[in-house]
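Descriptive analysis of the structure
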Amino acid sequence: MERLQKLIAQSGYCSRRKAEEEIQKGHVTVNGEIVREMGVQVSSSDQVMINGILLKKEEKEYILLNKPRGVVTTTSDDKHRKTVLDLIDTNKRLYPVGRLDYDTTGILLLTNDGELSNLMMHPKNQIDKVYIAKVDGILTGEAINSLKKGIVLDGKKTAPAKVKIRKKDLKKKTCMVELTIHEGRNHQVKRMFEAVGYRVEKLKRERISFLDLKGLNSGEYRYLNPKEVKKLYFELQKND
Ligand code: URA
């Protein structure tokens, strides 16, 4: 579901502000009924007309990108840094689902499917995200238990996580840790490690639910196939 004015803007018909004006003037119908209220929720199966013209439905596109380091996960950047959209050749208005930090690499989904995006971001839909963190130290059993149980960040405990040590370098005193979480709070992984006394030197997201980076080198992307999109919706809705 999407707000009516957003759906109109996403179709490329006009800007969101212009769409709001058209709605207020009574120029917009949804399934044949004039809608003057703002924020009415519509889905892609609703028939929307503006000034008697049927709104074209933008085809949905789903892209899986292997984000490199040094790229921002926004659609534009005021510091003129490279954005994830600069890596993708599309004429659709895609936006990233969630964020990876400038220096974080790995799997990122981009889409123009607002419904899927909202479902993925909703905390009740517990989609696993698997991160590999290189940390500056050898994680103690105590730290592992704290990460597993949850860490208080901004006054709220993180949900239980899965923690696995993948590799230890006793000489360099670093280790590679696999952390599986399903929330997506700001800088969550780095802050969780920081809270137990470790600094994340490198961070990569390896998996989102069943989607991984197989076949994608850094900076490369591929389209999801319809079966994968269906499976993703299934995974997201199974907790309903
Ligand atoms: N957690 C972080 O700290 N950074 C990311 O980029 C993603 C999750």
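None of the values given here were measured: they were computed from a predicted structure. (Residues numbered from 1 in each chain as written. Predicted model: local features only at pLDDT ≥ 70, side-chain atom pairs only at ≥ 80, totals over all residues. Heavy atoms only, no water.)

Tallied over the full model, the rule gives 15 salt bridges. Between Arg 166 and Glu 206 there is a salt bridge, and its shortest N-O distance comes to 2.9 Å. Taken together, the positions of Arg 166 in strand β13 (residues 162–169) and Glu 206 in strand β15 (residues 200–208) put the pair 40 residues apart, joining distant regions of the chain. By relative accessible area, which is 41% here, Arg 166 ends up partly exposed. A relative accessible area of 25% means that Glu 206 is categorised as partly exposed. Between Glu 183 and Arg 185 there is a salt bridge, with its nearest N and O atoms 3.8 Å apart. A single salt-bridge network, built from bridges that share partners, covers Asp 101, Asp 103 and Lys 190. (Salt bridge = Lys/Arg side-chain N within 4 Å of Asp/Glu carboxyl O. Helix = DSSP H or I, 4+ residues; strand = E, 2+ residues; numbered from the N terminus. Buried < 20%, exposed > 50% of the residue type's maximum accessible area, 1.4 Å probe, protein only.)

Think of a pair of aromatic rings as described by two things: how far the centres are apart, and how the planes are tilted against each other in angle. Counted under the stated rule, the structure contains one aromatic pair. Pairing Tyr 221 with Tyr 223 gives two aromatic rings, centres 6.3 Å apart and planes at 75 degrees, and the pair type is edge-to-face. Accessibility expressed as a relative area gives 26% for Tyr 221, which makes it partly exposed. Sitting above the plane of the Tyr 102 ring, Arg 81 keeps its charged end 4.8 Å from the centroid. The ring of Phe 210 carries Lys 231 above its face, with NZ or CZ at 4.4 Å from the centroid. (Phe/Tyr/Trp six-rings, centres within 6.5 Å; stacked < 30°, edge-to-face > 60°. Lys NZ or Arg CZ within 6 Å of the ring centre and 35° of its normal.)

Below, the discussion takes up the pairing of β15. Where strand β9 (residues 105–111) lies against β15, two bridges are found, and the strand directions are parallel. Looking at β15, one finds that Thr 105 is bridged to Lys 204. Pairing of strand β10 (residues 129–135) with β15, which is carried by seven bridges, proceeds in the antiparallel orientation. Opposite Lys 129, over in β15, you have Ile 208 as the bridge partner. When β15 meets strand β16 (residues 211–212), the two strands line up antiparallel, connected through two bridges. (Pairing = 2+ DSSP bridges.)

Around the ligand, a shell composed of Leu 100, Asp 101, Thr 104, Tyr 131, His 187, Gln 188, Val 189, Lys 190 and Leu 203 is seen. Between the ligand and the protein, one listed contact pairs an oxygen atom with a backbone N or O atom of Lys 190 at 3.0 Å. Alone, the ligand offers 240 Å² of accessible surface; in the complex the protein occludes 96% of this. When atom positions are compared with the pocket grids, the ligand is found to occupy the largest pocket. Residues of the shell around the ligand, tallied by class, amount to four nonpolar, three polar and two charged. When residues are assigned to domains, the shell around the ligand turns out to be shared by domain 2 (62–123 + 211–237) and domain 3 (128–208), each giving three or more. (Near = heavy atom within 4 Å. Polar contact = N/O pair within 3.5 Å; in protein donor to acceptor, adjacent residues only side chain to side chain. Areas by Shrake-Rupley, 256 points an atom, 1.4 Å probe, with all protein chains shown as cover. 1 Å grid on protein atoms, 1.4 Å probe; cavity = no way out; pocket = protein on both sides within 12 Å on 5 of 7 lines; lining within 4 Å. Sits in = over half its atoms within 2 Å of the grid points. Nonpolar A, V, L, I, M, F, W, Y, C, P; charged D, E, K, R; others polar. Domains from an automatic or database assignment.)

Looking now at the domain arrangement of the chain. What the domain assignment lists for the chain is domain 1 (2–54), domain 2 (62–123 + 211–237) and domain 3 (128–208). One C-alpha centre belongs to domain 1, the other to domain 2, and the line joining them spans 27 Å. At the interface, four residues of domain 1 touch four residues of domain 2. Note on domain 1 versus domain 2: buried area summed over both sides is about 290 Å², and carbon and sulfur give 30% of it. Considering only the surface of domain 1 that becomes buried against domain 2, Glu 2, Ala 9 and Gln 10 emerge as the three largest contributors, covering 75% of it. Here domain 1 and domain 2 share zero salt bridges between them. The tally of links from domain 1 across to domain 2 stands at one residue pair in polar contact (both at pLDDT 80 or more). (Contact = heavy atoms within 4.5 Å. Buried area = accessible area lost by both parts, 1.4 Å probe.)

To continue, consider the sheet that holds strand β3 (residues 33–34). Here four strands make up an open sheet; going across it, the order is β3-β2-β5-β6 and the pairing antiparallel. Here the strands that pair on one side only, and so sit at the sheet edges, are β3 and β6 (53–54). Looking at chain direction, strand β5 (residues 48–50) and β6 are connected through two bridges and run antiparallel. Among the inter-strand pairings, Ile 50 is bridged to a residue of β6, identified as Ile 53.

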